[in-house]
Amino acid sequence: MGGLVMSQSLLSISLRQPPSSSLRHRFSSCRWLNRVPASLRLNGFYPRCSITNTEFQFDQIATDEGVQEDLPDVASTCSVPIIHLKSDILDTEPLNLLTEVTYVDSLLTTLPVLSEEEQTALAATPAHPAGLYALYASSFAGGLVEQLWNFAWPAAIALLHPSLQPVAVIGFFSKLAVVVGGPLVGQLMDYFPRVPAYNCLNIVQATAHLLSVAMIIRAHTAPSTLASSVLLRPWFSVLVLAGAVERLSGLALGVAVERDWVVLLAGPNRQIALAEANAVLNRIDLVCEMAGASLFGILLSKYDIMTCLKFTAGLMTWTVPVVLVLTWLTNKLSSGVLDRTKSHDVEITGADGIKHGWMAYLQQPVLPASLAYVLLFFNVLMPGGLMTAFLTQQGLNPSIIGGFSGLCAFMGVAATFISANLVRRLGMLKAGAAGLIFQASLLTIAVAVYWSGSLSQQTPLLFFLCLIVLSRLGHMSYDVVGAQILQTGIPSSKANLIGTTEASVASLAEFVMLGVAIIANDVSHFGFLAMLSLFSVVGATWMFCQWLLNPTEEQRSLFSF
C-alpha cells in the first residue's frame, strides 16, 4: 500500500471479523513525512501525518471484550501510536464495510423511483422545447428554398435543349462530390464549433444558389442548339461546380441538424421526445418539397422562365438573414447547449475510416434490409431531376409537374402515419415487406403503361404519374419501417458508422443511375431507364422477402419472424 493519510478527527470503524481470521497490512519500511513531537502524538494526531512503506502485523482484533493485540514488530521498528478500537463508540452510527455490488444495491434502493407514467412523461418532454421550435422554423425556411431550387434548375435546364444529358451531367457530378467529399465535410463540421460552422455553410449554399441562377440566366440569354456545345460552355462548367458545392453544403447542413442538433435539443436520453422531433423534421422536409415544387410550377405556368429565376434569386437572398437569426435564436433559447465542445479524442484517417465503415456495414445482421433500402435509390420513377426533365420535354404543363412532385411528398407525409398502423397490425418485418410489394406492383403497371406507347396523349401520361405517386406510399412506408429495423438490429456503438456508410452507398446507387442516364441521354431512352428502375425495386423486394423467409439464428434473436 503506497501511503496512509490520517486527519485529526479520528475515524472509528467497527471491524466484524471472526476471531480466527487475521487482517494483514504490509509496509516495507517506516518514514515520517512530517516530524511531530512526541507530546503531540500522545494527545492527538497531527493533521498531515502520513505513513508510507511501513509493515504492520495485526494478528487478532477483538471487538467486544477488550482488545488483545500482538504487534511486537511495530514497536521496535517505528514509533507509531497504538490505538485501541472499541465497538461501543460506534453504536450510534455503525458503518459496515460493504462490497461494491452490495453498496450499489443499497444505494439504488434509497433513490426515488419514478412511476411508469412519470418516466413516460419525462421521456416525452424535450430538454429545450423553445429551441426545438426555433430549429423547426429555421429548417422550414432553409428547406423551402432548397426544395424550390431542386425543382427549378432541372426545369430551367430542360428548356434549353431537348436532352437529358445536361441535367444528368450536373446530377452526376453532384453525387460524385457527395461520395468523395462527404467524409471531409463531416470531419470539418465535427472540428469547428456548431453555430459558426452552420452559419458559414448556409452562406456558402446561398452563394452557390445565386451563382447557379446567374449561370442559367446567362444560358437563356445566349441559348445553344447543340447539347455537346452546351456541355463545353464556360457557364455550364461553373454551373456544375456550383451544383456540387450546393449539394455538399446541403448534405452537411442536413446531417448537422438531424444527427447532432436535434439530439442536443430534444435530449439524448428522452427517446419519445427525440422520436417526435425526428418525425416533425421529416414532415417539414416533405412539406417544403411539396410547397417548393408547387410554387415554382405555378410561377412557371404564369410567367416566363427568366421572371421565375429572378424571383427565386430574390427569395434566396432574403432567406439567408432569416435563417441566421433563427439559428442564433435556437442556441439562445436552449441556454447555449449548441456551444458545448465536441470530443476529438479519437481521430481516424480517411482511408481507415472508409475501410472500417465498409467492414462494419457488410457484417451487420440486417444487411439484406439495408441493401433493399439502397436499391430503391437506383430509380428514376420518382421525383427528381431526370423525371422533371422528362416531363418537361413531354410538353406537360409546369403546374402539373409541380403538382406531381407535391403529391409524391404528400404521400411521404401520409406514410409516416400509415407505417405505424402497419407495424401494429402486421409486425415490423411484414410491414416492410408489404411496403416493398406495394411499390413494386404499382411500378410494374406504370412501366407497362409507358411501353404501351400511349404517353403521347395526356390521359395515359397522367395515369402513369398517378401510379408513380401511389407507389411512393409503399416506398416511404418502407423508408420509415426500414429505419426502425436498422435501429433495432445495429448495435448502438456502430449506429453512426453504419448509417453514414449506408448513405454513401445510396448516393453511389444514384451516381450509377445518373451515369447510365448520361450514356442513354435521349428522351426516347427513358423507357430503358424505367426498366432498370423496375428491376432494382423488384430485386429489393425479392431480397427482403427471402431474408424474411430464411432468417439466421442471430436475426431470430433480434426480431420476431
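Residues numbered from 1 in each chain as written. Predicted model: local features only at pLDDT ≥ 70, side-chain atom pairs only at ≥ 80, totals over all residues. Heavy atoms only, no water.

This part is about the environment of Thr 307. Relative to the helices and strands, Thr 307 resides in helix α11 (residues 305–333). The exposure class assigned to Thr 307 is partly exposed, which follows from its relative accessible area of 35%. Considered as a pair, Thr 307 and Ile 217 are 90 residues apart in the sequence and their alpha carbons are 9.9 Å apart. (Helix = DSSP H or I, 4+ residues; strand = E, 2+ residues; numbered from the N terminus. Buried < 20%, exposed > 50% of the residue type's maximum accessible area, 1.4 Å probe, protein only.)

Before going further, it helps to examine helix α16 (residues 428–451). With 24 residues, α16 extends 35 Å between its outermost C-alpha atoms, agreeing within 8% with the 34 Å of an ideal straight helix rising 1.5 Å per residue. Phi turns positive one or two residues past the end of α16, at Gly 453, with a value near 80°. (Expected span 1.5 Å × (residues − 1).)

Attention now moves to the packing of helix α7 (residues 194–221) against helix α9 (residues 234–266). Contact geometry of α7 with α9 gives a least axis separation of 8 Å together with a crossing angle of 150°. The pairing of α7 with α9 is recorded here as roughly antiparallel in orientation. As for the relative orientation of α7 and α9, their crossing is left-handed in sense. Residue composition of the contact of α7 with α9, grouped by class: 20 nonpolar, 7 polar and 3 charged. (Axes fitted to C-alpha atoms, helices over the stretch in contact; angles between N-to-C directions. Parallel < 35°, antiparallel > 145°, perpendicular 65-115°, else oblique. Left-handed = near helix turned anticlockwise from the far one by under 90°. Nonpolar A, V, L, I, M, F, W, Y, C, P; charged D, E, K, R; others polar.)

With that settled, the discussion passes to the packing of aromatic side chains. Applying the stated criterion to the full structure yields 13 aromatic pairs. A ring pair is formed by Tyr 133 and Tyr 136, whose centres lie 6.1 Å apart and whose planes are at 70°; its orientation type is edge-to-face. On the criterion of helical spacing, the pair formed by Tyr 133 and Tyr 136 is a turn pair, its members being 3 residues apart in helix α5 (residues 129–158). Overall, Tyr 136 belongs to the buried group, its relative accessible area being 14%. Between Phe 390 and Tyr 450, the aromatic rings sit 6.2 Å apart at their centres with planes inclined by 55°, giving tilted as the arrangement. (Phe/Tyr/Trp six-rings, centres within 6.5 Å; stacked < 30°, edge-to-face > 60°.)

This next bit is on the nonpolar core. Within the largest apolar cluster, 101 residues are counted, with the highest numbers of intra-cluster contacts made by Phe 296, Leu 381, Leu 391, Phe 464, Ile 485 and Phe 544. Ranked by size, the runner-up nonpolar core spans 28 residues in total, among them Leu 132, Tyr 136, Ala 197 and Ala 256. (Core = buried A, V, L, I, M, F, W, Y, C linked by side-chain atoms within 4.5 Å.)

When pLDDT is averaged across the protein chain, the result is 74; 69% of the residues are at 70 or more. Helix α19 (residues 526–549) holds the highest mean pLDDT among the elements of the protein chain, 92, whereas strand β1 (residues 4–6) holds the lowest, 37. In the predicted structure, residues 1–80 sits below a pLDDT of 50 and forms 109 contacts with residues beyond four places in sequence or in another chain. Overall, residues 82–111 carries pLDDT values under 50, and its contacts beyond four positions in sequence, including any with other chains, amount to 23 contacts. (pLDDT = per-residue confidence, 0-100. Contact = heavy atoms within 4.5 Å.)

Tallied over the full model, the rule gives 3 salt bridges. Residues Arg 247 and Glu 146 are paired through a salt bridge, measuring 2.5 Å at the closest nitrogen-oxygen approach. Here the residue Arg 247 occupies a position in helix α9, and Glu 146 occupies one in helix α5, the gap between them amounting to 101 residues. Overall, the relative accessible area of 23% leaves Arg 247 in the partly exposed class. We classify Glu 146 as buried; its relative accessible area is 17%. Residue Glu 510 is joined to Lys 175 by a salt bridge in which the shortest nitrogen-to-oxygen separation is 2.8 Å. Within this pair, whereas Glu 510 is found in helix α18 (residues 495–519), its partner Lys 175 is found in helix α6 (residues 165–191), the two being separated by 335 residues in sequence. Owing to a relative accessible area of 21%, Lys 175 belongs among the partly exposed residues under this scheme. Three or more residues are tied together by salt bridges with common partners; here these are Glu 146, Glu 246 and Arg 247. (Salt bridge = Lys/Arg side-chain N within 4 Å of Asp/Glu carboxyl O.)

A positive phi angle, near 60°, is found at Ser 335, a position not held by glycine. Structurally, Ser 335 can be placed in the loop between α11 and α12 (350–362). Of the residues examined, Ser 335 reaches a relative accessible area of 68% and is grouped as exposed.

Two numbers describe how α16 lies on α19: the axes approach to 9 Å, and their chain directions differ by 155°. By the angle between their directions, the pair α16 and α19 is classed as roughly antiparallel. Of the two elements, α16 crosses α19, and the hand of that crossing is left-handed.

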